[in-house]
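Tertiary structure, described
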Amino acid sequence: MSAPKFRRILLKLSGEALMGDDAYGINTRMLGGIVAEIKAVADLGVEIGVVIGGGNIFRGIAGTATGMDRATADYMGMLATVMNGMALSDAMRQAGLNARVQSALHIEQVIEPYIRGKAIRYLEEGRVVIFAAGTGNPFFTTDTAAALRGSEIGAEIVLKATKVDGIYSADPKLDATATRFNRISFDEAIRLNLAVMDATAFALCRDQRLPINVFSIFKPGALKRVVLGEDEGTLVHV
């Protein structure tokens, strides 16, 4: 078996990825499939941090949030990521993975708070660490949380799991001539105005020289192939 290219990774997983074909919520079949993909990488000895989004849960209450104060809506979204983190952790436990959830919001009765040193120790012990509640601040996305936590824990790459198999020159669903980039620099992606991550996350990864690989979480084995250094998805580099 080929040796993994990366020792420690930060996986950015959207809440929508947990929905499967459902309108909102958590699809257990989809959740199990994602956990199996993560376990295949953990079995290689790779240390894995996961930042989870909350769109799948927040989508179900989006109508209620219409006209709501932005900060309040963002805090509601953070709580949705906590629920997803707990569900992901439980599914990992059932699959034989040792996982811990840390929250940027202090809700100790439910899960432990984010402490950088403890998170790194968990990773070194072979546990998967799930980072919930984003950065703990409104107005910042879970993309930014992924860039921040990836930088803090010393990840060698941020792997952004999406619905498409990389970054395209245009929306492949709308433009049949759209082509996928195998590699692209941060500067080129900015020049072309490609929506890889939100601007804050993008700038942080570039400044920290932290590469991003965008790939499809729905493509079986794609996560493992990225970790093994195979040509999968799109690499954004300095």
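Figured I'd write up the structure that's included with this text. Residue numbers restart at each chain and count upward from 1, following the sequence in its written direction. Selection of residues for local features in this predicted model requires a pLDDT of at least 70, selection of side-chain atom pairs for listing and counting requires 80 or more, and totals for whole chains, interfaces and linings are taken over all residues. Only hydrogens and water are set aside when side-chain values are computed; all heavy atoms of the structure are taken into account.

Regarding the pairing of strand β6 (residues 157-162)
Each residue gets one of three labels from its accessible area relative to the maximum for its type: buried under 20%, exposed over 50%, partly exposed in between, using a 1.4 Å probe on protein chains only. Each helix is a run of H or I in the DSSP string that is no shorter than four residues. Each strand is a run of E no shorter than two, and both are numbered from the N terminus. Within β6, 6 of the 6 residues are buried, which leaves the element mostly enclosed by the surrounding structure. Here β6 shows a buried face lined by Ile157, Leu159 and Ala161 and a second buried face lined by Val158, Lys160 and Thr162. Should DSSP find at least two bridges between two strands, the strands are taken to pair. With 5 bridges connecting them, strand β1 (residues 8-13) and β6 associate as parallel partners. The residue bridging Lys12 from the neighbouring strand is Lys160, located in β6. Pairing between β6 and strand β10 (residues 212-216): 5 bridges, direction parallel. Bridge pairing in β10 links Leu159 to Asn213.

Overview of the nonpolar core
Here, nonpolar core means buried Ala, Val, Leu, Ile, Met, Phe, Trp, Tyr and Cys residues that are tied together by side-chain atoms lying within 4.5 Å of each other. Counting residues in hydrophobic clusters, the biggest one holds 44 residues, and the most contacted among them are Ile9, Leu13, Ile48, Met92, Ile130, Leu159 and Phe215. Put simply, the parts of the chain that give this core at least two residues each are β1, α1 (28-42), β2 (47-52), α4 (70-94), β3 (99-103), β5 (128-132), β6 and α9 (222-227). Looking at this core, the element that brings in the most residues is α1, giving 7 residues. Membership of the second largest hydrophobic core comes to 29 residues, among which are Phe131, Met197, Ile212 and Val236.

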